[in-house]
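This is what each chain is made of:
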Amino acid sequence: MLPKFFIKARIYTFFLTVVLFGCQQPQPNSQQQQRSKQGMAVSAHPLASVAGLSVLQQGGNAVDAAAATALAISVVEPFSAGIGGGGFLLLRRAETGTVKALDFRERAPKRATRDMYLDKQGKVRPRASLDGHLAAGIPGTVAGLYTVHREYGKLPWAQVVAPAIALAENGFPVSSRFTKAVGGRLDAIKNNRAAREVFTRGGVLYKPGELLVQRDLARTLRSIAKNPQSFYTGDIARAIASDMAKNGGIMTLEDLKNYTPIWRNPVCGKFLAYEICAMSPPSSGGVHLLQILNILGDTDLKKWGRKSPDTLHLLAESMRIAYADRAEYLGDPDFVTVPVKALTSKNYGKLRRSQIDISKAKPSGLVKAVDAKTLSRFAYESPETTHLTVVDSERNVVSLTFTVNGGFGAGAVAAGTGILLNNEMDDFAAAPGVPNLFGLVGGEANAIAPGKTPLSSMTPVIVTENGKFRLAAGAPGGSTIITTVLQIVLNVLVYDMNVGEAVSAPRIHHQWQPDRLMVERGGFDAQTLSELRRRGHKIMERDSWGNANAIVLTPDGWLEGAADPRGEGEARGF
Ligand code: GLY
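Residues numbered from 1 in each chain as written. Predicted model: local features only at pLDDT ≥ 70, side-chain atom pairs only at ≥ 80, totals over all residues. Heavy atoms only, no water.

Chemist: For this particular structure, what's the right way to read the sheet that holds strand β8 (residues 267-271)?
Modeler: In sheet architecture, strand pairing relies on hydrogen bonds along the backbone and comes in two forms, parallel and antiparallel. One open sheet holds the seven strands; their spatial order is β1-β20-β19-β15-β14-β9-β8, and the pairing between them is antiparallel. What marks the edges here is a single partner per strand, and that holds for β1 (34-36) and β8. Adjacent strand axes in the sheet meet at a mean angle of 20 degrees, parallel and antiparallel pairs treated alike. The sheet contact formed by strand β19 (residues 549-553) and strand β20 (residues 559-563) spans five bridges and is antiparallel. Bridge pairing in β20 places Ala550 opposite Ala562. Seen against the sheet, helix α18 (residues 481-493) touches β8, β9 (274-278), β14 (461-465), β15 (468-474) and β19 and runs at an angle of roughly 145 degrees to β15. (Pairing = 2+ DSSP bridges. Helix = DSSP H or I, 4+ residues; strand = E, 2+ residues; numbered from the N terminus. Axes fitted to C-alpha atoms, helices over the stretch in contact; angles between N-to-C directions. Contact = heavy atoms within 4.5 Å.)

Pasting the structure below:
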């Protein structure tokens, strides 16, 4: 098994080095679409997709392949996600036709306090929730992957971990995307000896194409392959806790021992003829994806045209409303009551739709979350992160998004383990109204408390039609995740795009605060932008964001998958 994977990986890395690194930055197009019958893995890195594919070819199911892909991502795309972070997974089992949701998000350590990032004057200490050990939440990736594998995997766990071990031990050629990511976090990385040793050569950046070997991480992964619990109670846990104690962190052995992933019900709702299921709180993704789809309702978007000013305006205003509600109501459902039913109800969508003026943008200062009493009327009506999508021959589907939060997380590695620590604590509201890394504001519902999970925007989604799998997708990008996934869903379900086009198409994003409409540079014509400005939108053109991926099942039974040409990912099928 292992040698086979190696040979493939070697051939592939040669190809990657010769071809990919010689290329210019990929432009959005539909070239990266793949088509296959048996099974498919799509992720943000070709070698991780190869790892997923090899596990499918060994007889593994979607759960085995998703775990293998995620662990490989932890090695080859550590700046986005890893075993030092956490995430969310949706699993649709063909046998039952049901969608399950697993929350393996990081949690706040027991010693976390509401004001832990404030100075004596009550002001947020700059970067305190972003850099170093204090920024880290208790990691959930290993527990999450093992939990889903133990219940639904087919192959032995060690076989699923093997590709990641190989990649860490033998190394992989770093891409220009990788070196750019290191460059962007060099200050934090240089500040932490273990991170400097792993990700630089004595503080100097690796060059694209050079091999990065991660021996400590390989040893850690070997230990996880033998006993995943070692991450939480064994040698690995002790190494993390001792490194925390030495570096001003608050995470303890007890915190690690007490970590548990949580099975939750996904949020599901109808849109046109489709059933959409996505991640429930503590991610805001599913709630606001459905909320926006409900606001759009049965508007004939196809007739309006995908890039027409009316469509873009309606999308932007719907997004603005959703993010205003997000800031008020969303948080960890084990700590606060999140009005999921109300926010995702069709009638609430209609109410919010009636508040949109199609000829004029409403300044965000005038858009508020509705008060709790009004909302209760609807209550009982019926810059990193990474995503991967896997479908197997039985049409089991995994849609998984996980992260270490900001690029290279906390910028610190737990010494001797190779584990990059997350900075997920920044996803809490450090103080009411103070924006986090993604410019998102929050309040009471997302205040820090021990054991609490920071609010997320991750939006793994699975769509079915007449009880049959149709589409699975997801994306990184912090606050932009929800709107990226929304647009992919609309591109496939409303605009009949193939998956490559759907993932590539230019995007917009509005998140209420700051009050600006982000549009992808070069994606929309000048006339449309000037009409949107005339309606009152503050347009900010930005280079691409998102790095999404998706798989669809075509009516004639083919799997079609695509990774975002904005990144370096690939779909791999057989
Ligand atoms: N760390 C980004 C998110 O969870 O939304």
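What follows picks up the thread again.
Chemist: Which parts of the structure should I look at to understand the site of the ligand?
Modeler: Taken together, Arg105, Asn405, Glu424, Asp427, Phe438, Ser456, Ser457 and Met458 make up the full set of residues near the ligand. Ser456 is positioned with one of its side-chain polar atoms (N or O) 2.7 Å from an oxygen atom of the ligand. At a separation of 2.7 Å, an oxygen atom of the ligand approaches a polar backbone atom of Ser457. Considering the ligand on its own, with 200 Å² of exposed area, one finds that the protein chains cover 98% of that surface. (Near = heavy atom within 4 Å. Polar contact = N/O pair within 3.5 Å; in protein donor to acceptor, adjacent residues only side chain to side chain. Areas by Shrake-Rupley, 256 points an atom, 1.4 Å probe, with all protein chains shown as cover.)

Chemist: Any chance you could explain the packing of helix α12 (residues 285-296) against helix α16 (residues 346-354) here in plain terms?
Modeler: The angle between the axes and the distance between the axes are what describe a pair of packed helices. As a packed pair, α12 and α16 sit with axes 7 Å apart at the nearest point and diverge in direction by 60 degrees. By the angle class used here, α12 and α16 are oblique. Crossing hand, α12 versus α16: right-handed. Contact residues: Gln291, Asn294 and Ile295 in α12; Lys346, Tyr348, Gly349, Arg352 and Arg353 in α16. (Parallel < 35°, antiparallel > 145°, perpendicular 65-115°, else oblique. Left-handed = near helix turned anticlockwise from the far one by under 90°.)

Chemist: Mind showing me how you'd approach the state of the cysteines here?
Modeler: Disulfide: a covalent bond formed between the sulfur atoms of two cysteine residues. Under the definition given, this model contains one disulfide. Bridging Cys268 to Cys277, the disulfide has an S-S length of 2.1 Å. Judged by the sign of its S-S torsion, about 110 degrees, the bond between Cys268 and Cys277 is right-handed. On the basis of relative accessible area, Cys268 is assigned to the partly exposed category, the value being 37%. Overall, Cys277 belongs to the buried group, its relative accessible area being 5%. (Disulfide = S-S within 2.5 Å. Buried < 20%, exposed > 50% of the residue type's maximum accessible area, 1.4 Å probe, protein only.)

Chemist: What am I meant to see in the pairing of strand β3 (residues 86-92) here?
Modeler: Two faces, one strand: in a regular strand the side chains alternate between the faces of the sheet. Summarising burial for β3: seven of the seven residues are buried, a large majority. What you see with β3 is no split at all: Gly86, Phe88, Leu90 and Arg92 on one side and Gly87, Leu89 and Leu91 on the other are buried throughout. Here β3 runs beside strand β11 (residues 397-403); their pairing, made up of seven bridges, is antiparallel. Paired with Gly86 across the bridge in β11 is Thr403. As paired elements, β3 and strand β4 (residues 99-104) share six bridges and run antiparallel to each other. For Phe88, the partnering residue across the bridge sits in β4 and is Asp103.

Chemist: Help me out: how do you make sense of the packing of aromatic side chains in this one?
Modeler: Remark: the centre distance and the inter-plane angle together describe each pair of aromatic rings, the angle taken between the planes. In the structure shown here, the tally under the stated rule is nine aromatic pairs. The interplanar angle of 75 degrees and the centroid separation of 5.1 Å between the aromatic rings of Tyr146 and Trp157 together place this pair among those described as edge-to-face. In this pair, Tyr146 sits in helix α4 (residues 141-152) while Trp157 sits in helix α5 (residues 157-170), placing the two residues 11 residues apart along the sequence. Ring plane angle 90 degrees and centroid distance 6.1 Å describe the contact between Tyr152 and Trp263, whose orientation is recorded as edge-to-face. (Phe/Tyr/Trp six-rings, centres within 6.5 Å; stacked < 30°, edge-to-face > 60°.)

Chemist: So what exactly am I meant to see when it comes to the pairing of β20 here?
Modeler: The element β20 is extensively covered by neighbouring structure, given that five of its five residues are classed as buried. Of the two faces of β20, the one carrying Leu559, Gly561 and Ala563 and the one carrying Glu560 and Ala562 are both buried. Summarising the sheet, β1 and β20 pair through three bridges and their orientation is antiparallel. Directly across from Arg35, in β20, lies its bridge partner Glu560. Between the end of β19 and the start of β20, which pair antiparallel, lie five residues, with Gly557 showing a positive phi angle near 90 degrees.

Chemist: Can you help me understand the nonpolar core in this one?
Modeler: Looking at soluble globular proteins, one finds that nonpolar side chains tend to be buried together. Counting 87 residues, the largest nonpolar core has Ile276, Leu289, Val461 and Leu490 as its most contacted members. A total of 11 residues in this core trace back to one element, the largest contributor, which is helix α14 (residues 309-329). In terms of nonpolar packing, the next biggest core, distinct from the first, is built from 83 residues, Ala67, Val75, Leu186 and Leu420 among them. (Core = buried A, V, L, I, M, F, W, Y, C linked by side-chain atoms within 4.5 Å.)

Chemist: Help me understand the pattern of salt bridges, please; the structure alone is not making it clear to me.
Modeler: Opposite charge on two side chains makes pairing possible when the charged atoms of those side chains draw close. Taken as a whole, this structure holds 33 salt bridges when the rule is applied. As a salt-bridge pair, Asp427 and Arg105 come within 2.8 Å of each other at their nearest N and O atoms. For the pair Asp427 and Arg105, a shared accessibility class is recorded, and that class is buried. If you follow the salt bridges from partner to partner, you end up with Asp103, Arg107, Arg264 and Asp334 in one network. (Salt bridge = Lys/Arg side-chain N within 4 Å of Asp/Glu carboxyl O.)

Chemist: In this structure, what is going on with the environment of Thr200? I would like to understand it.
Modeler: As for its position among the elements, Thr200 is in the loop between α8 (193-199) and β6 (211-212). Under the relative-accessibility criterion, Thr200 is labelled buried at 3%. Placed 43 residues apart in sequence, Thr200 and Asp243 show a C-alpha to C-alpha distance of 20 Å. Setting aside residues no more than four positions away along its own chain, Thr200 makes contact with Val182, Leu186, Ile189, Ala195 and Tyr206. At a separation of 2.6 Å, a polar atom in the side chain of Thr200 contacts the main-chain carbonyl oxygen of Arg196.

Chemist: How should I be thinking about the sheet that holds β11 in this particular structure?
Modeler: Read across the open sheet, the seven strands follow the order β7-β4-β3-β11-β10-β2-β21; overall the sheet is antiparallel. Sheet topology places β7 (262-264) and β21 (570-573) at the edges, where each strand pairs with a single neighbour. Mean inter-strand twist for the sheet, computed between neighbouring axes without regard to direction, equals 15 degrees. In this structure, strand β10 (residues 386-391) lies alongside β11, joined through six bridges in antiparallel fashion. Looking at the pairing, His387 lines up with Thr401 of β11. Running at roughly 160 degrees to strand β2 (residues 40-43), helix α2 (residues 46-57) makes contact with β2, β10 and β21 of the sheet.

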